[in-house]
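Descriptive structure summary
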Amino acid sequence: MIDEKLLEEAKQSVLDGDKELAAKLARQGLDAGVDPVEFIEKGFVPGIMEVGDLFESGEIFLPEVMMAADAVKEAVGILNEAIEASGKKRGGAAKVVLATVEADLHDIGKGIVASLMVANGFEVIDLGRDVPSQKIVDTAIEEGADIIGTSALLTTTMTHQKEIEELLKEKGLKGKIKTMVGGAPVTERWQKKIGADGFGENAADAVRLVKELMGKKTN
Amino acid sequence: MAIVHSQASGMGGVRTAGDLVARMQLAKSMRLNDAKKYVADKLGVGLLDLTDEVVMREVREELDISTVYMGYGAASRGIEAKANIAKLLDIEINCVEKFKNKTGMKF
Amino acid sequence: MVLTRMGDGAFVKMTESEVRKEVEAGVEEAVKKAKCSPLTEDDIKRLIEIICEPRKFVSVERGNELVLTYDSQPLKFTRLGLPIAMPQILQTYERGLMADTLEMAYVHYSAKPVKMIFPEEQYVVAETLLTTTPALLYGVMPNMPMYTKPDGPCENASELLPKGLIKEAQEAQLEAADLLERDLLLLGEAMYEAGADGLDLDTTAAGGDAEFYACLRAIEKLKERYPNMSIEVGMAGEFVLGFHGSLEYKGERLAGMYPHDQCRMIAKAGGNIAGPAINTNTRKSFPWNLARAVTMCKYAAEVSPIPVHANVGMGVGGVPMQITPPIDCVSRASTAMAEIGKMDGL
């Protein structure tokens, strides 16, 4: 059991974007003999999740999100070293290929999703915007990605999300590489219609979805 | 969408007095009730008349400020109607001012 | 049972008490998010009546009608595949569709590309003004991301921020905001000189707080030069995205502003009409979404010194996110925004 006060301080250091304090708390925890995996999951992760929620309601802004991300990165880096040294394993961080689909030049929403994913410690390969479906799938295969996330702002471009599902089926990778879709006109109804694995209403939802999909992933 | 809104909550454009109330919102930032009252007073009609197609067609024809009917002998249209609307509502309408400058007409 | 819909447009059946629960939850969510006043019990009862009305189409009571301003009218016909010239489209809106205002717009609709062809647009505006009666605005989306790489010369904050390059991202946004402001001034002047009644800035702040900042500054300068110019500002979302995070206009931080504050700032800059856009959550019900949107809009109308015209269409103002928004929902949202939200227009 980790002291509640230490967990709360860890969470708060993330909310404050205080990199130095986060690192200090990580070391302090290790000195006190806490389980580093538990410390990450119960202290720093709740902090960054709350940051995502605060961002979604317009209470904090992207620069603050990125400062929080820096704090998490610093603390988790220290704790990960201890995890490796002990021979234990923490559940692998998701590797996500993100892109705005072909013929769609809108990348603001995708940029926010990328920022929040990075802040949550996921490895993000951001292919940018106007990316052909084939390139998205090929990159996911080459990089050994767990998840493909695509954004579409236009009703005329969202059909490319369906194309990605078809390409994965052709290659026998459906279910192995999970897919998540988002963007202004995209709905859960569309996600189910095309057979994607998940739909994110907003950036914080997308982060939660990655965690959920990683739980379901079968290799 | 335009049709649904116009039937559900719209004032009716040039068919009634919607365009005139909109003009006062755009020209003077008048809130809805103030703009409706201002227009009704200028037209000499009641508030409910502003969205009555029967009353407003007659009023618009009499004041020569355009109606949806554009047949021969119809009320003034386009720039003609706007010149009359500017006088009636006591506002400057940009394109009417430009028209005056270009033609040298004073009205 | 009440037949209503979800935010993605799918039909769902609820009892009247379930509708009430959804409405109350929507109001609560609006109050929590926007920190605004809740609807009154009378408002809630009326909203439930509107939602539960068995007829497919609902409309306001006589006397409660409001003004309708439409954005990008020519584009609406282009999307329908109807190749009609722009002046004729506006005439159709005037005489066939009962529009209270008209809006000319180029098919791309963003300020930057319009800049390249504005003399041609001036011609169409001038031509249309001769034959139409309602006020005619020229509409553009500020669309600040068009000034960032790969479309423009400025660095792209969407790429810099995930890399943690905060200062660089903020500087890049200010550079883009400056270019946008210049283009809005150019277009505003061009269209006013062509005779238009003014400008409509649509989906403002889609690119975040720096975009909102550029628009407010442009409005202020345009009004200094042309005090009679009419300016309408439609927003992109319910709160201003904090991409920069610390930009202020007249001493107030723009990031995170909800509709009531957005309307105040638009008025401060000299805008004549403010248009809040409350996003629809596709996973929530229509009653929840409509209650939430009406709550935020009603409060905005209460505090705004200028007319408020809520955006009520695909995915905003309580309407489901569907390219063909269902008539039952649109007519209810239209009615509720007029009678409960006390909007000056839509």
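What counts as what
- Residues numbered from 1 in each chain as written.
- Chains lettered and ligands numbered in written order.
- Predicted model: local features only at pLDDT ≥ 70, side-chain atom pairs only at ≥ 80, totals over all residues.
- Heavy atoms only, no water.
- Helix = DSSP H or I, 4+ residues; strand = E, 2+ residues; numbered from the N terminus.
- Rg over C-alpha atoms; globule rule 2.2 N^0.38 Å.
- Buried < 20%, exposed > 50% of the residue type's maximum accessible area, 1.4 Å probe, protein only.
- Contact = heavy atoms within 4.5 Å.
- Areas by Shrake-Rupley, 256 points an atom, 1.4 Å probe, with all protein chains shown as cover.
- Pairing = 2+ DSSP bridges.
- Axes fitted to C-alpha atoms, helices over the stretch in contact; angles between N-to-C directions.
- Domains from an automatic or database assignment.
- Buried area = accessible area lost by both parts, 1.4 Å probe.
- Salt bridge = Lys/Arg side-chain N within 4 Å of Asp/Glu carboxyl O.
- Polar contact = N/O pair within 3.5 Å; in protein donor to acceptor, adjacent residues only side chain to side chain.
- Nonpolar A, V, L, I, M, F, W, Y, C, P; charged D, E, K, R; others polar.

1. So, the overall build of chain C
Broken down by element type, chain C carries 12 helices and nine strands. Its C-alpha radius of gyration of 20 Å places chain C within 12% of the 20 Å reference for a compact globule of 346 residues. Viewed in the frame of its principal axes, chain C has a C-alpha envelope of about 55 × 55 × 35 Å. Counting across all 346 residues of chain C, residues that qualify as buried make up 66%. Across chain C, every contact between residues at least 6 apart in sequence was considered, and the portion connecting residues at least 24 apart equals 75%. About 12,100 Å² of surface is accessible on chain C, with carbon and sulfur atoms providing 53% of the total.

2. A look at the environment of A:Asp205
By secondary structure assignment, the location of A:Asp205 is in helix α9 (residues 203–216). On a C-alpha basis, the gap between A:Asp205 and A:Gly182 in space is 9.9 Å, while along the polypeptide they are 23 residues apart.

3. Considerations on the sheet that holds strand β2 (residues 123–126) of chain A
Sheet strands pair by backbone hydrogen bonding; their relative direction is either parallel or antiparallel. Residues and elements named next belong to chain A. Read from one edge of the open sheet, five strands run β2-β1-β3-β4-β5, paired in parallel fashion. Bordering the open sheet on either side are β2 and β5 (198–199), each of which pairs with just one other strand. As paired elements, strand β4 (residues 178–182) and β5 share two bridges and run parallel to each other. Residue pairing for β5: Met 180 is matched across the bridge by Gly 198. Taken strand by strand, helix α5 (residues 108–119) contacts β1 (95–100), β2, β3 (147–151) and β4, and its axis lies near 165 degrees from that of β1.

4. Quick word on the domain arrangement of chain C
Residue and element names in this part refer to chain C. Taken domain by domain, chain C consists of domain 1 (1–54 + 280–346) and domain 2 (100–275). Centre-to-centre separation of domain 1 and domain 2, based on C-alpha positions: 27 Å. In this assembly, domain 1 packs against domain 2 so that about 1,200 Å² is buried in total across both faces, 64% of it on carbon and sulfur atoms. Considering only the surface of domain 1 that becomes buried against domain 2, Ile 306, His 309 and Asn 311 emerge as the three largest contributors, covering 35% of it. Across the contact surface, domain 1 and domain 2 share one salt bridge. Note that Arg 292 and Glu 238 form a salt bridge whose closest N and O atoms lie 2.5 Å from each other. For the pair domain 1 and domain 2, the number of links is four residue pairs in polar contact (both at pLDDT 80 or more). Put simply, the parts of the chain that give the side of domain 1 that touches domain 2 at least two residues each are α1 (16–34) and α11 (286–303). Per-element tally for the side of domain 1 that touches domain 2: the top contributor is α11, with five residues. A class-by-class count of the residues in the side of domain 1 that touches domain 2 yields nine nonpolar, three polar and three charged.

5. Structural notes on the pattern of salt bridges
Across all of its chains, the model carries 44 salt bridges over all chains by this definition. For C:Glu193, the salt bridge identified is with B:Lys98, shortest N-O distance 4.0 Å. With C:Glu193 in helix α8 (residues 166–193) and B:Lys98 in helix α6 (residues 94–103), this residue pair bridges two chains. In this structure C:Glu193 comes out as partly exposed when scored by relative accessible area, which is 41%. Exposure remark for B:Lys98: the relative accessible area of 24% places this residue in the partly exposed category. With a closest N to O distance of 2.9 Å, C:Arg225 and C:Glu189 form a salt bridge. Taken together, the residues C:Arg225 in helix α9 (residues 209–225) and C:Glu189 in helix α8 connect sequence positions 36 residues apart. What makes C:Glu189 partly exposed here is its relative accessible area of 25%.

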